[in-house]
2 protein chains.
Amino acid sequence: MPDPADALSEHAVERLIAYRRHLRQRLMQGCDRIYSHDLAKPEGVTPAQVRRDLMTIGYTGSPARGYDAKGLITHISSLLDARSVGGFALVGVGHLGRAILDYLARQHPEYKVAAFDVNPDKAGGVTHGCRCYMLDEMKQVLTQQSMRVGIVTVPADAAQDAATRLVEAGVCGLLNFAPVRLRVPARVYVENVDIALRLEKVAFFALASRPKETQE
Amino acid sequence: MPDPADALSEHAVERLIAYRRHLRQRLMQGCDRIYSHDLAKPEGVTPAQVRRDLMTIGYTGSPARGYDAKGLITHISSLLDARSVGGFALVGVGHLGRAILDYLARQHPEYKVAAFDVNPDKAGGVTHGCRCYMLDEMKQVLTQQSMRVGIVTVPADAAQDAATRLVEAGVCGLLNFAPVRLRVPARVYVENVDIALRLEKVAFFALASRPKETQE
DNA sequence: GCTATACTGTGAGTGAATTCACAGTGTGAT
DNA sequence: ATCACACTGTGAATTCACTCACAGTATAGC
């Protein structure tokens, strides 16, 4: 069973997610057919790239009528949402953690979310419609609710510990916001979102780069 | 004056920032000389990659003694911090915005930071040691304080407006957290941090990927 | 002083991701 | 019915980032 989804590169997946989001938006505006360049321009990629991506996932449009928005959304979703993640376990209920809990509660009420924090004042309470537990309760809670993705929003020095606990509790994917490289078993997928690094990066390119990108 | 800094790719800059961070850490541990593999492993890159990067920026180590940590930090910094960003202007004082203000106040007290929000309750106040202004005051504040980088932490539907205002107020770099592609003049550098997308990406790879990455 | 060693610096090679460019095709206009 | 057009699907070309592999060299040990 050679699932085509396993052949997707990280970049390809990112683009597919972006396409889907854009398509949903278009659909709500009552636009049910879309051309590769309509999808490409706002996402900052070339039309050829879009066509190539859709080819890879085996979706076919029609010349002179483009792609069917609804069908394409369904097709992308069938690849991306094939396996259920169960829910998310977030460690570190600071500002960033709350921002994400907020987002999840608002945009994805269908997902189960559990929050964890060292601070006993936070634990036991309910933040943004989601129970907050003590760190020690993690394994128990996760096994029971079968959550497969962990979100690390603790300070750098607590990140490795949080990650280890999450992995031991059975997650197989981590979204790490701490500016640290997590050491985890190879089977666990780690996605790093290093905000501090990005901040420094913009600062650099804002002033160093001679315009090479084209937009607008 | 062909500045070597202008030849750096986005990836290279990201790595250099990571190297520098790691070097500072090592230095604090009293380790003043470092080999390419010491720098590579924890950052998840190959030693060859490190050597190549340092070659590109024209830093030279010595066989059998490696690179001088302090000198390397200085060298990297001379490239990355060549031009002063002046400071940061953040729009959208929600949870995410506060998380970033927090970080900046704590880690980079040397930067000037101004916050902006539509909510008049927030405006006028002081959050994490940083004045919060009304949106309309932006142009005035920024011109006066010459801030060159904008941070967009508002909801998706307000992002384009925030970006436009920031650009008009003179920023030349944007760090955008809204899940939207900003339309700005080509001279402005935009760095997107799409947390929702990353979340979907982890969810996908957590369950789809057959281990290919090697860590630990 | 001489030698073995473990590193650096780098030309060449590899592989992936993106773009080019064009043949094929369905649609709307005439 | 025919034609012109603007799009898709895709092999080939290109670009880019990364890795290999080895020659060159400074140090530590003898």
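Preceding block: the structure.
The structure contained in this document is the topic of the report that follows. (Residues numbered from 1 in each chain as written. Chains lettered and ligands numbered in written order. Predicted model: local features only at pLDDT ≥ 70, side-chain atom pairs only at ≥ 80, totals over all residues. Heavy atoms only, no water.)

All names here are of chain B. The set of residues buried in helix α6 (residues 138-145) consists of Met138, Val141 and Leu142. For α6, the arc enclosing every buried residue in end-on projection is 90 degrees, short of the 170-degree limit, so these residues lie on one face. Along α6, the residues that are exposed and aim more than 90 degrees away from the buried face are Gln140, Thr143 and Gln144. For α6, the elements touching its buried residues are β3 (87-91), β4 (112-117), β6 (130-134) and α7 (156-168). Positive backbone phi, at 50 degrees, marks serine 146, one or two positions downstream of α6. (Buried < 20%, exposed > 50% of the residue type's maximum accessible area, 1.4 Å probe, protein only. Helix = DSSP H or I, 4+ residues; strand = E, 2+ residues; numbered from the N terminus. Arc of directions from axis to C-beta. Contact = heavy atoms within 4.5 Å.)

The next point concerns the protein's contact with DNA strand D. Neighbouring DNA strand D are 22 residues; Ser36, Arg52, Gly61 and Tyr67 of chain A together with Arg15 of chain B lie closest to it. Take the atoms of DNA strand D that sit within 4 Å of the protein: sugar and phosphate atoms are 65% of them. Within the contact set of DNA strand D, a phosphate oxygen lies 2.7 Å away from a side-chain nitrogen or oxygen of serine 36 of chain A. Within the side chain of arginine 51 of chain B, a nitrogen or oxygen atom sits 3.2 Å from a base nitrogen of DNA strand D. Broken down by secondary-structure element, the contributors of at least two residues to the surface near DNA strand D are α2 (36-43) and α3 (47-56) of chain A together with α1 (10-28) and α3 (47-56) of chain B. (Near = heavy atom within 4 Å. Polar contact = N/O pair within 3.5 Å; in protein donor to acceptor, adjacent residues only side chain to side chain.)

Once that is clear, we can look at the relation of the copies chain B and chain A. Note on the copies: chain B fits chain A at an RMSD of 0.1 Å, the axial shift is 0.0 Å, and the rotation between them is 180 degrees. Viewed as a symmetry operation, the transformation between the two copies matches a two-fold axis. The overlap is high: 100% of the interface residues of chain B also sit at the interface in chain A, so the same surface is used on both sides. (Least-squares fit on C-alpha atoms with pLDDT ≥ 70 in both.)

The next subject is the interface of chain B and chain A. At the interface, 69 residues of chain B touch 70 residues of chain A. Together chain B and chain A conceal approximately 6300 Å² of surface at their shared face, both sides included; 64% is due to carbon and sulfur atoms. On the surface where chain B and chain A come into contact, there are twelve salt bridges. A salt bridge links glutamate 200 of chain B to arginine 20 of chain A; the shortest N-O distance between them is 2.4 Å. Inspection of the chain B/chain A interface yields 15 residue pairs in polar contact (both at pLDDT 80 or more). Per-element tally for the side of chain B that touches chain A: the top contributor is helix α8 (residues 195-208) of chain B, with 14 residues. (Buried area = accessible area lost by both parts, 1.4 Å probe. Salt bridge = Lys/Arg side-chain N within 4 Å of Asp/Glu carboxyl O.)

Turning our eyes to something else, we now look at the sheet that holds strand β3 (residues 87-91) of chain A. A sheet is described by the order of its strands in space; here seven strands give the open sequence β5-β6-β4-β3-β7-β8-β9 (chain A), paired in mixed fashion. Every interior strand has two partners, whereas the edge strands, β5 (126-127) and β9 (189-192) of chain A, have only one. Sheet analysis places β3 of chain A next to strand β7 (residues 149-152) of chain A, joined by four bridges and oriented parallel. What sits directly across from alanine 89 of chain A, in β7 of chain A, is glycine 150 of chain A. Strands in contact with helix α6 (residues 138-145) of chain A are β3, β4 (112-117) and β6 (130-134) of chain A; relative to β4 of chain A, the strand with the most contacts, it is inclined by about 175 degrees. The sheet contacts of α8 of chain B involve β3, β7, β8 (173-176) and β9 of chain A, and relative to β9 of chain A the element is tilted by about 165 degrees. (Pairing = 2+ DSSP bridges. Axes fitted to C-alpha atoms, helices over the stretch in contact; angles between N-to-C directions.)

Helix length check: helix α5 (residues 95-107) of chain B, at 13 residues, gives a terminal C-alpha distance of 18 Å against a target of 18 Å (1.5 Å per residue), a fit within 8%. If you check which residues of α5 of chain B are buried, you get Leu96, Gly97, Ala99, Ile100, Leu101, Asp102 and Leu104 of chain B. (Expected span 1.5 Å × (residues − 1).)

Let us look at the protein's contact with DNA strand C. In the vicinity of DNA strand C, 22 residues are found, and the nearest of them are Arg15 of chain A together with Ser36, Arg52, Gly61 and Tyr67 of chain B. Here, DNA strand C places atoms within 4 Å of the protein, and 65% of those atoms are sugar or phosphate. A distance of 2.9 Å is found between a phosphate oxygen of DNA strand C and a side-chain nitrogen or oxygen belonging to threonine 46 of chain A. Between DNA strand C and the protein, one listed contact pairs a base nitrogen with a side-chain N or O atom of arginine 51 of chain B at 3.0 Å. For the surface near DNA strand C, the residue count by class is seven nonpolar, nine polar and six charged. (Nonpolar A, V, L, I, M, F, W, Y, C, P; charged D, E, K, R; others polar.)

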